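One letter stands for each residue in the lines below.
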Amino acid sequence: MSATMTSYENSLAFAKNADSKDPLAQYRDQFYLPQDANGEPLVYMCGNSLGCQPKSVASYIEQELNDWADLGVEGHFDAAHPWMPYHEFLSEAMADIVGAKPNEVVIMNTLTTNLHLMMVSFYRPSSTRFKIIIESDAFPSDRYAVESQLIHHGYDPKDSLLLWQPRPGEDLCRYEDLEALVSTHQDSIALLLIGNTNYYSGQCYPIKDITTLGHSIGAKVGFDLAHGVGNIMPNLHQNQVDFAVWCTYKYLNSGPGSLGGCFIHQKHASDTSIPRFAGWWGHNKDTRFNMRHGFDPIPTAEGWQLSNPPILSMAAVRASLDIFAKAGMQQLREKSKRLTGFLEFLIHDLNNDRIQIITPSNPEQRGCQLSIQVKNADRSLHQQLTKAGVISDWREPDVIRVAPAPLYNSFEDVYQLVQRLKSIL
Ligand SMILES: *Cc1c(COP(=O)(O)O)cnc(C)c1O
């Protein structure tokens, strides 16, 4: 880490120079960055919550509106991008982002819905093996989903939900504590479901190790990549992950409430005998419209689809994924490490003992987000920061989350953020 730390300087000139050398700098202009009442651009650091709008989205959606107006129902086959197979146009770019094969991913539903569908298929408890492990700071929706699945199957979360938690006085989860938890409960664990990257601490857990660990005791392993997709490189196929779910409105910039994504490893996706909740869009495409009895699932991740999808929202996802395909995850990740490293450097340089970064300092253990804890602060600090033109995110009791997104944030953004924080403190 020290090698990269020493390659930064605390100056506006340094930030501007880094931007001028940034091979991805052109992409900033392809997004609408929110502005203040005077039309001045805000420092937008909230891509972890809602990504900025690609300027291309409107024309992608307009195309579908026009095809709908011109073609009506025939748009399913005759639209410029026919609606029937529309989700297929997204598979390749989506697969590249999460490190999967195109037939292992599908854009459908929304995140929590997909999480439930995945648990229907991959949480198959027996009288002896029924426990689920999650991280203790799991996102509330994930926890509700898991608890309700346990209850649905007749188990009491009190003794069937196992929490991987930080040690007293610590903020991060230690991998060896997960190993210990797994070893204690061994044969009674049915599923490990881990949010990667953690929404609160920004900690990124070792996907390969966790998956191998879970499989070694015969459990299934799934990840919630809400804060990981378009940010870290989870390499889902190679890492043998059983399933993963994510949303597309955070780092994937596909608009508020947009569709979710789902990964099912090839070894399962092609197993049509796996129990699932079914709908017609998961049925064999050749016979879908025969309207016969007998569900015949598509032998890919598509076999988990329920409904024909909302094309207008799909169009926004397609616009965004086209940008990712051009920029490339590898390049984005490289820039992200530099950008977040710069942020970390500047915050350390504040030399303010009220401030502590919770997120791991090892770039391999984090994505772009840093969670900054400010001692004795309350929500008013965040309000002041907002007034100063910084859009960030506050978590009670005292944490500011900032996430420079490599597609549209600049080194100068990062510099401005820390300057404004400094003047408030
Ligand atoms: C954002 C987020 C969600 C949101 O779920 P939706 O079903 O899309 O509303 C769920 N889980 C995690 C970990 C998240 O970060």
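Residues numbered from 1 in each chain as written. Predicted model: local features only at pLDDT ≥ 70, side-chain atom pairs only at ≥ 80, totals over all residues. Heavy atoms only, no water.

Chemist: Would you mind showing me how to read the pattern of salt bridges here?
Modeler: When the charged atoms of two side chains lie near each other, side chains of opposite charge can form a pair. The full count for this structure, using the stated rule, is 16 salt bridges. Asp242 is the partner of Lys267 in a salt bridge, and the nearest nitrogen-oxygen pair spans 3.9 Å. Remark: Asp242 occurs in the loop between β8 (220-224) and β9 (243-247) and Lys267 occurs in helix α11 (residues 266-269); sequence separation between them is 25 residues. With a relative accessible area of 36%, Lys267 lands in the partly exposed category. Asp242 gets classed as buried once you look at its relative accessible area, which sits at 2%. For Arg395, the salt bridge goes to Asp393, with nearest N and O atoms at 3.6 Å. Judged by relative accessible area, Asp393 falls into the buried class, the value being 10%. Look at the salt bridges and you will find they share partners, linking Glu88, Lys285 and Glu302 into a network. (Salt bridge = Lys/Arg side-chain N within 4 Å of Asp/Glu carboxyl O. Helix = DSSP H or I, 4+ residues; strand = E, 2+ residues; numbered from the N terminus. Buried < 20%, exposed > 50% of the residue type's maximum accessible area, 1.4 Å probe, protein only.)

Chemist: Where do I start with the sheet that holds strand β12 (residues 370-374) in this structure?
Modeler: The antiparallel open sheet is built from 4 strands, whose spatial order is β11-β12-β15-β14. Strands at the two margins of the open sheet, each flanked by one partner only, are β11 (355-357) and β14 (393-395). If you compare each strand with its neighbour and ignore which way they point, the axes differ by 30 degrees on average. Examined bridge by bridge, β12 and strand β15 (residues 399-402) share 4 bridges and lie antiparallel to one another. The residue of β15 that forms the bridge with Ile372 is Ile400. Taken strand by strand, helix α14 (residues 379-387) contacts β12, β14 and β15, and its axis lies near 180 degrees from that of β14. (Pairing = 2+ DSSP bridges. Axes fitted to C-alpha atoms, helices over the stretch in contact; angles between N-to-C directions. Contact = heavy atoms within 4.5 Å.)

Chemist: Can you help me understand the side chain of Asn109 in this one?
Modeler: With respect to the helices and strands, Asn109 occurs in the loop between β4 (105-108) and α6 (111-122). Among the polar contacts listed, one links the side chain of Asn109 to the side chain of Asn114, at a separation of 2.9 Å. The residues touching Asn109, leaving out its near neighbours within four places in the chain, are Asn114, Leu117, Leu259 and Gly260. (Polar contact = N/O pair within 3.5 Å; in protein donor to acceptor, adjacent residues only side chain to side chain.)

Chemist: Could you clarify how one ought to interpret the packing of α14 against helix α15 (residues 411-424) in this entry?
Modeler: A pair of packed helices can be characterised by two numbers: the angle between their axes and the separation between those axes. Relative orientation of the contacting elements α14 and α15 amounts to 130 degrees, with a least axis distance of 10 Å. Classified by the interaxial angle, the pair formed by α14 and α15 is oblique. Seen from above, α14 lies across α15 with right-handed handedness. Of α15, the residues touching α14 (which contributes Leu381, Gln384 and Leu385) are Arg420, Leu421 and Ile424. (Parallel < 35°, antiparallel > 145°, perpendicular 65-115°, else oblique. Left-handed = near helix turned anticlockwise from the far one by under 90°.)

Chemist: Would you take a moment to explain the packing of aromatic side chains for this structure?
Modeler: Given two aromatic rings, one states the distance between the centres and the angle between the planes to describe the pair. A complete count under the given rule lists 17 aromatic pairs for this structure. Ring centres of Phe130 and Tyr155 lie 4.7 Å apart, and the angle between their planes is 5 degrees; this geometry places the pair in the stacked category. Residue Phe130 is located in the loop between α6 and β5 (131-135), and its partner Tyr155 is located in the loop between α7 (140-152) and α8 (157-160); the two are separated by 25 residues in the primary sequence. Three or more aromatic residues joined by ring pairs make a cluster, and in this case those are Tyr8, Phe14, Phe342, Phe345 and Phe411. Of note, Lys250 hangs over the ring of Phe139, and the distance from its end group to the ring centre comes to 5.1 Å. Directly above the aromatic system of Trp304 lies the positively charged group of Arg276, at a separation of 3.8 Å from the ring centroid. (Phe/Tyr/Trp six-rings, centres within 6.5 Å; stacked < 30°, edge-to-face > 60°. Lys NZ or Arg CZ within 6 Å of the ring centre and 35° of its normal.)

Chemist: What should I look at first to understand the environment of Asn308 in this one?
Modeler: Position of Asn308 relative to the elements: it lies in the loop between α11 and α12 (311-327). When the C-alpha positions of Asn308 and Trp281 are compared, they lie 5.9 Å apart, and in sequence the two are 27 residues distant. Discounting chain neighbours no more than four positions away, the residues touching Asn308 are Trp280 and Trp281.

Chemist: Help me understand the site of the ligand in this model?
Modeler: In the vicinity of the ligand, the contacting residues are Leu111, Thr112, Phe139, Asp142, Asp224, Ala226, His227, Tyr249 and Lys250. For the ligand, an oxygen atom lies 3.0 Å from a polar atom in the side chain of His227. Tyr249 has a polar side-chain atom sitting 2.5 Å from an oxygen atom of the ligand. When the ligand is considered free in solution it has 390 Å² of accessible area, and contact with the protein chains removes 82% of it. (Near = heavy atom within 4 Å. Areas by Shrake-Rupley, 256 points an atom, 1.4 Å probe, with all protein chains shown as cover.)

Chemist: Can you help me understand helix α2 (residues 12-20) in this one?
Modeler: Owing to its 3.6 residues per turn, the α-helix brings residues three or four apart onto one side. Here α2 has its buried residues at Phe14, Ala15, Ala18 and Asp19. Buried residues in α2, looked at end-on, bunch into an arc of 135 degrees, giving them a common side. Counted as exposed and oriented over 90 degrees from the buried face of α2: Ala13 and Ser20. Among the structural elements, α13 (329-349) and α15 are those in contact with the buried residues of α2. (Arc of directions from axis to C-beta.)

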